[in-house]
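What follows is each chain in one-letter form.
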Amino acid sequence: MQQTTKIQLKLIRPKDTYVVRHPVLRKGLPLNTCAFDFDDAPNTLHLGAFANDILVGVLTLLNKTENVQLRGMAVLEAFQGQGIGKLLVAHAENQVRQQNICTVWMNARLIAVPFYEACGYLKEGETFELPYGGTHYKMTKHLCN
Ligand SMILES: CC(C)(COP(=O)(O)OP(=O)(O)OC[C@H]1O[C@@H](n2cnc3c(N)ncnc32)[C@H](O)[C@@H]1OP(=O)(O)O)[C@@H](O)C(=O)NCCC(=O)NCCS
């Protein structure tokens, strides 16, 4: 990790995520494509990474009772490769542990698979297509022994 700026992690509101989701995950598409199912659900958490008070990274945790789905993982291009994504995932996993939930999973874009592997996630099954982001793998990590 070659992080030089101090990064702060905080809970944010659903629509705050759009400033990162839009340029990174929905580039060139209408802003309303940044709205995800269950964004406003009471047990959904949105985490933001701030560099000098600017929101530069986001992720969303969807609570499915027995497990948690990580969605909307994105870091602004200029801030990628500095360890911010890894910090966000580690913080998210701590939130999940506090809820006594042991499994985190996501549908990972092919391009992001090496990142998730670096965070300890394993591919499950075959690839599949989703409307945004093309080919994906389901990836999972078990947090409990
Ligand atoms: C994927 C993404 C969230 C990663 O965030 P990031 O801040 O750039 O990643 P980090 O700097 O924290 O990298 C963490 C680790 O993953 C590795 N990694 C990250 N991207 C990688 C890549 N494309 N290939 C190989 N390794 C990669 C880093 O080398 C690092 O490994 P280390 O801890 O052993 O040094 C970010 O690049 C991004 O927003 N990409 C575009 C959107 C996207 O694909 N989102 C995922 C949707 S499923």
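Structural data are supplied above this passage.
What counts, and where the lines are drawn
Residues numbered from 1 in each chain as written. Predicted model: local features only at pLDDT ≥ 70, side-chain atom pairs only at ≥ 80, totals over all residues. Heavy atoms only, no water. Buried < 20%, exposed > 50% of the residue type's maximum accessible area, 1.4 Å probe, protein only. Helix = DSSP H or I, 4+ residues; strand = E, 2+ residues; numbered from the N terminus. Pairing = 2+ DSSP bridges. 1 Å grid on protein atoms, 1.4 Å probe; cavity = no way out; pocket = protein on both sides within 12 Å on 5 of 7 lines; lining within 4 Å. Points joined across faces, edges and corners; volume = space filled by probe spheres on them. Nonpolar A, V, L, I, M, F, W, Y, C, P; charged D, E, K, R; others polar. Near = heavy atom within 4 Å. Polar contact = N/O pair within 3.5 Å; in protein donor to acceptor, adjacent residues only side chain to side chain. Areas by Shrake-Rupley, 256 points an atom, 1.4 Å probe, with all protein chains shown as cover. Sits in = over half its atoms within 2 Å of the grid points. Core = buried A, V, L, I, M, F, W, Y, C linked by side-chain atoms within 4.5 Å. Contact = heavy atoms within 4.5 Å.

J.: Where do I start with the pairing of strand E3 (residues 54-63) in this structure?
T.: Regular strands place side chains that alternate from one sheet face to the opposite one. Burial analysis of E3 places eight of its 10 residues in the buried class, which makes it a mostly covered element. Where strand E2 (residues 45-51) meets E3, seven bridges bridge the pair, whose relative direction is antiparallel. By the bridge assignment, His46 is partnered in E3 with Thr60. The hairpin turn running from E2 into E3, its antiparallel successor, is two residues long, and Asn52 in that turn takes a positive phi close to 50 degrees. The sheet contact formed by E3 and strand E4 (residues 68-75) spans six bridges and is antiparallel.

J.: Can you walk me through the layout of surface pockets in this structure?
T.: Over the atoms rolls a probe the size of a water molecule, and its path tells where empty space is left. Put simply, the largest pocket is a space of about 830 Å³. Lining the largest pocket are 31 residues, with Leu25, Met73, Arg109, Ala112 and Tyr116 sitting closest to its centre. Ranked by residue count, the leading element in the lining of the largest pocket is E4, at seven residues. Looking at the lining of the largest pocket, its residues break down into 17 nonpolar, nine polar and five charged.

J.: I'm lost on the site of the ligand in this one. Help?
T.: By nearness alone, 21 residues border the ligand, and Met73, Val75, Gly83, Gly85 and Lys86 come closest of all. Here Gln82 contributes a backbone N or O atom positioned 3.2 Å from an oxygen atom of the ligand. Surface burial for the ligand is 69%, taken as the share of its 920 Å² of free accessible area covered by protein chains. More than half of the atoms belonging to the ligand lie within 2 Å of the grid points that define the largest pocket. Within the residue set of the shell around the ligand, elements represented by two or more residues are helix H1 (18-25), E4, helix H2 (84-98), strand E5 (103-109) and helix H3 (113-118). With four residues, the single largest contributor to the shell around the ligand is H3. Tallied by class, residues from the shell around the ligand come to 13 nonpolar, six polar and two charged.

J.: Sorry if this is basic, but what is going on with the nonpolar core here?
T.: The nonpolar side chains of a soluble globular protein tend to be buried, and buried together. In terms of nonpolar packing, the biggest core is built from 36 residues, with Leu59, Leu70, Met73, Tyr116, Tyr121 and Met139 touching the most fellow members. Where this core is concerned, the elements lending two or more residues are H1, E2, E3, E4, H2, E5, H3 and strand E7 (134-142). Excluding its chain neighbours within four sequence positions, the residues that come into contact with Leu59 are Leu45, His46, Leu47, Leu70, Arg71, Gly72, Met73, Leu88, Val89 and Ala92.

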